[in-house]
Amino acid sequence: MSEDDDTPLEQTVGGLVVGGILLVAFGLLALGVPWFWIAFPVGFAGVLPAAIGLVRLYERRKDDAEDDEPAEQEAALATLRERYARGELTEAEFERKVERLLETETVADAREFRTRGTKGPGERPGDPEDPELDREEAG
């Protein structure tokens, strides 16, 4: 997609802003306001470019956030590999943690599952391999 192509969000916002500008300008004309024409240069030279610029900024930030997620997952996987290589994790622990990491879509999901004590989406709290979580569940 080239830089000149408008996204659906840009098209929607642009259409709404143009509609608003026309509504204000012709509303002022219908009310008999002699300076109704001011709505056109203010709207088309100020409000419309500002709205499109904000939409592009929003989409760029959203894309940057999505690009960061795979990097976070790769970093978490690299940390697990290092811990396994140093002998801090057994093979079973390593495999379980890698599975859990790959089951979650984002690192933020993995943190949420860890703090809630769940293994994955839709599963009940508690980890059969973690007796501390079983005690919390029981009492």
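Each residue is numbered by its place in its chain's sequence as written, counting from 1. Local features are withheld for residues below a pLDDT of 70 in this predicted model, meaning they are given only at 70 or higher, and side-chain atom pairs are given and counted only at 80 or more; totals for whole chains, interfaces and linings count all residues. Side-chain metrics in this entry use all non-hydrogen atoms of the structure; hydrogen atoms and water are not considered.

## Observations regarding a nonpolar patch on the surface
Stage number 1. Judged by side-chain polarity, W35, W37, I38, V42 and V47 come together as a nonpolar surface patch covering roughly 500 Å² of accessible area.
Stage number 2. Secondary structure elements follow DSSP: runs of H or I of four or more residues count as helices, runs of E of two or more count as strands, with numbering from the N terminus. Here I38 shows up in the loop between α1 (8–30) and α2 (39–86).
Stage number 3. Accessible area is worked out with a 1.4 Å probe on protein chains only. A residue is then buried under 20% of its type maximum, exposed over 50%, and partly exposed in between. Judged by its relative accessible area of 32%, I38 falls in the partly exposed class. Patch membership is restricted to residues that have no salt bridge and whose relative accessible area is over 30%. Joining uses 9 Å for like charges and 5 Å for the nonpolar side chains Val, Leu, Ile, Met, Phe, Trp and Tyr. Each accessible area is a Shrake-Rupley result for a 1.4 Å probe, and residues are judged covered by the shown protein chains and nothing else. What makes a salt bridge here is a side-chain nitrogen of Lys or Arg within 4 Å of a carboxyl oxygen of Asp or Glu, nothing more.

## Things to note about the confidence of the model for the chain
Stage number 1. pLDDT is a per-residue confidence score from the predictor, ranging from 0 to 100. Mean pLDDT for the chain: 78, with 71% of residues reaching 70 or above.
Stage number 2. Here helix α5 (residues 131–138) stands out as the least confident element of the chain, with mean pLDDT 43; α1 is the most confident, with 96.
Stage number 3. Pairs of residues are marked as contacts when any of their non-hydrogen atoms sit within 4.5 Å. For the stretch residues 119–139, pLDDT sits under 50, and the model shows 25 contacts to residues farther than four places along the chain or on other chains.

## Thoughts on a negative patch on the surface
Stage number 1. A cluster of acidic residues, E91, E95, E99 and E103, forms a negative patch on the protein surface.
Stage number 2. With respect to the helices, strands and loops of the structure, E103 is situated in helix α3 (residues 91–103). Two residue types count as positive, namely Lys and Arg, and two as negative, namely Asp and Glu; His and chain ends fall outside the count. The atoms used to mark charge sites are NZ of Lys, CZ of Arg, CG of Asp and CD of Glu.

## Brief notes about the pattern of salt bridges
Stage number 1. Counted under the stated rule, the structure contains four salt bridges.
Stage number 2. R83 is the partner of E88 in a salt bridge, and the nearest nitrogen-oxygen pair spans 3.2 Å.
Stage number 3. With a relative accessible area of 28%, R83 lands in the partly exposed category.
Stage number 4. The closest approach of N and O atoms between R86 and E88, which form a salt bridge, is 2.9 Å.
Stage number 5. Connected via shared salt-bridge partners are D6, E10 and R56.

## Focus on the environment of L102
Stage number 1. Among the structural elements, L102 can be located in helix α3.
Stage number 2. Spatially, the C-alpha atom of L102 lies 8.4 Å from that of Q73, the residues being 29 residues apart in sequence.

## With respect to the packing of aromatic side chains
Stage number 1. Side-chain rings of Phe, Tyr and Trp, where Trp is taken by its six-membered ring, are said to pair if the distance between their centres is within 6.5 Å; with planes under 30 degrees apart they count as stacked, over 60 as edge-to-face, and otherwise as tilted. Counting across every chain of the model gives three aromatic pairs.
Stage number 2. Here F26 and F40 contribute two aromatic rings whose centre-to-centre distance is 5.8 Å and whose plane-to-plane angle is 75°, an arrangement assigned as edge-to-face. Of the two residues, F26 sits in helix α1 while F40 sits in helix α2, which places them 14 residues apart along the sequence.
Stage number 3. Note on F40 and F44: the rings are 6.4 Å apart at their centroids and 5° apart in plane angle, and the pair reads as stacked. Of this pair, F40 and F44 are both found in helix α2, four residues apart, which corresponds to roughly one turn of the helix.
Stage number 4. Relative accessible area serves as the criterion here: at 24%, F40 is assigned to the partly exposed category.
Stage number 5. Note on F44: relative accessible area 35%, which makes it partly exposed.
Stage number 6. Members of the aromatic cluster, connected to one another through ring pairs, are F26, F40 and F44.

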